[in-house]
Amino acid sequence: MDILVFSCGVTILLMLYSDLFYTTLSTNGAGVISGFISRNIWKIILFLKNKLKADLLKFGGIMILLSIFISWIMMAWAGYSLIYQLDPSNIFNTKSDAPASFWDKWYYAGYTLSTLGYGDFYVEKTGWKLFSVITSLSGLSIVTIAITYLIQVISSEIAQRQLALHISTFGQSSEEILINILKENGSVNLQSQFESISLQVLSHSQHMLAYPVIHYFHASKLRDSAAINLAILDEALSILLIVQTKEEFNSNVKYTSLRKSLTVYLQTMEDGEFVKPANIAPAIPDLTALLKLEAFEVPTANLIKRGYDSLEYRRKIWKSIIEHNGRNWNDLYIRRNKKSLDIENV
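Quick look at the structure, then.

Scoring rules and cut-offs
- Residues numbered from 1 in each chain as written.
- Predicted model: local features only at pLDDT ≥ 70, side-chain atom pairs only at ≥ 80, totals over all residues.
- Heavy atoms only, no water.
- Helix = DSSP H or I, 4+ residues; strand = E, 2+ residues; numbered from the N terminus.
- Buried < 20%, exposed > 50% of the residue type's maximum accessible area, 1.4 Å probe, protein only.
- Contact = heavy atoms within 4.5 Å.
- Areas by Shrake-Rupley, 256 points an atom, 1.4 Å probe, with all protein chains shown as cover.
- Salt bridge = Lys/Arg side-chain N within 4 Å of Asp/Glu carboxyl O.
- Phe/Tyr/Trp six-rings, centres within 6.5 Å; stacked < 30°, edge-to-face > 60°.
- Axes fitted to C-alpha atoms, helices over the stretch in contact; angles between N-to-C directions.
- Parallel < 35°, antiparallel > 145°, perpendicular 65-115°, else oblique.
- Left-handed = near helix turned anticlockwise from the far one by under 90°.

Within the protein chain, the secondary structure is distributed over 12 helices and 2 strands. Split into buried and exposed, the 346 residues of the protein chain put 47% on the buried side. Contacts spanning at least 24 positions in sequence make up 77% of the contacts within the protein chain whose residues lie at least 6 apart. For the protein chain, the exposed area adds up to about 18400 Å²; of that, 61% sits on carbon and sulfur atoms.

Here it is, written out as structure tokens:
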């Protein structure tokens, strides 16, 4: 029986450390346990959000992080406690010198992990004394690694919001972004801005892979949402690829690098199993007002349909990302007009 309990303890610790090190030190996503916790807590939050009509999403990221940290601590406590059960005469009560009971050893393992060291119990054998030192160092290491991981996640979340705000300065809709691109018409500043955003998107993609939990940090405001603003930007570039601009509006600005960066982001989201393509692609946007601008050649309806048909799978992934973020595709078209804080046209 003692061997069986000991084996359970070893198994729990192996699961703990494989998940801890893979999640915090690997750049390939979360461990099995952390991933399971993240996905299921987010599903529960989405369910409650729809049922209660409450804004619970903004608490999702921190709730998931805390749940992961608590699971690591509880697994460590359980694993070490069960290992101490192997030897009935390894831990003794300081006052009575009686051997520690099953639950006494849980108590001993708990305060040893926390490095508190109350002194209620003592260890008699050298091997178990060394193991107690390992237990104490393990508790300290888990807390240190968790705090370091938390700092990295917060830094990535800030970078994610900076990316969203950077894109929103170009416009709050695909149409606004296109109009501003045409106004710049090939300026060096525009090319520089695109290159900057391209690098930010690539960095964001790698952060999503290294710290998947940032996917669950929900921005309450649309302007702060990376998913929304990235989708808006990609839709704008799609229009430029589908609809031809007149020769005098053609510029030397290259969108290829930015478009490829967005493609890398989509591939990261799909390969990392964050999302699966939606069953139905978003509807083709109404381009009537946009095509009235003198910059565009008026395309046929058939040409527009063929263009969007070729982007169907891409737009299905975008739709899935938006919905998994707790939002709706129509959020891309919500006007966010507020009173201007600057001179008009600045």
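Taken as a whole and assessed by the stated rule, the structure comprises 9 salt bridges. Across the pair Arg-161 and Asp-224 runs a salt bridge, and its minimum N-O distance is 4.0 Å. With Arg-161 in helix α5 (residues 126-168) and Asp-224 in the loop between α7 (188-210) and α8 (226-242), the pair connects residues that are 63 residues apart, well separated along the chain. By relative accessible area, Arg-161 is classed as partly exposed at 29%. Note that Arg-223 and Asp-224 form a salt bridge whose closest N and O atoms lie 3.7 Å from each other.

Phi angles above zero are rare outside glycine, and Asp-97 is one such case at about 60°. Inspection of the secondary structure puts Asp-97 in the loop between β1 (91-93) and α4 (102-113). The exposure class of Asp-97 is partly exposed, given its relative accessible area of 45%.

A few words now on the packing of aromatic side chains. Going through the model one piece at a time under the given rule, you end up with 19 aromatic pairs. Ring centres of Phe-69 and Trp-72 lie 5.7 Å apart, and the angle between their planes is 35°; on these two criteria the pair is classed as tilted. With a gap of 3 residues between them, Phe-69 and Trp-72 both fall in helix α3 (residues 60-83), about one helical turn apart. Here Phe-69 falls in the buried class, since its relative accessible area comes to 14%. Between the aromatic rings of Tyr-107 and Phe-121, the centroid separation amounts to 5.9 Å while the plane-to-plane angle is 70°, which identifies the pairing as edge-to-face. With Tyr-107 in helix α4 and Phe-121 in strand β2 (residues 121-123), the pair connects residues that are 14 residues apart, well separated along the chain. What makes Phe-121 buried here is its relative accessible area of 9%. Grouped by ring-pair contacts, the aromatic residues Tyr-80, Tyr-84, Tyr-107, Tyr-108, Tyr-111, Phe-121, Trp-128 and Phe-131 constitute a single cluster.

Mapped onto the secondary structure, Glu-235 falls in helix α8. Beyond its immediate stretch of four places on either side in the chain, Glu-235 contacts Ser-174, Pro-285, Arg-315, Trp-329, Leu-332 and Tyr-333.

Our next topic: the packing of α3 against α4. Put simply, α3 and α4 touch, their axes get as near as 8 Å, and they point 130° apart. By the angle between their directions, the pair α3 and α4 is classed as oblique. Where α3 crosses over α4, the two elements pack in a sense that is right-handed. Where α3 approaches α4, its residues Ala-76, Trp-77, Ala-78, Tyr-80, Ser-81 and Leu-82 are matched on the opposing element by Phe-102, Lys-105, Trp-106, Ala-109, Gly-110 and Leu-113.

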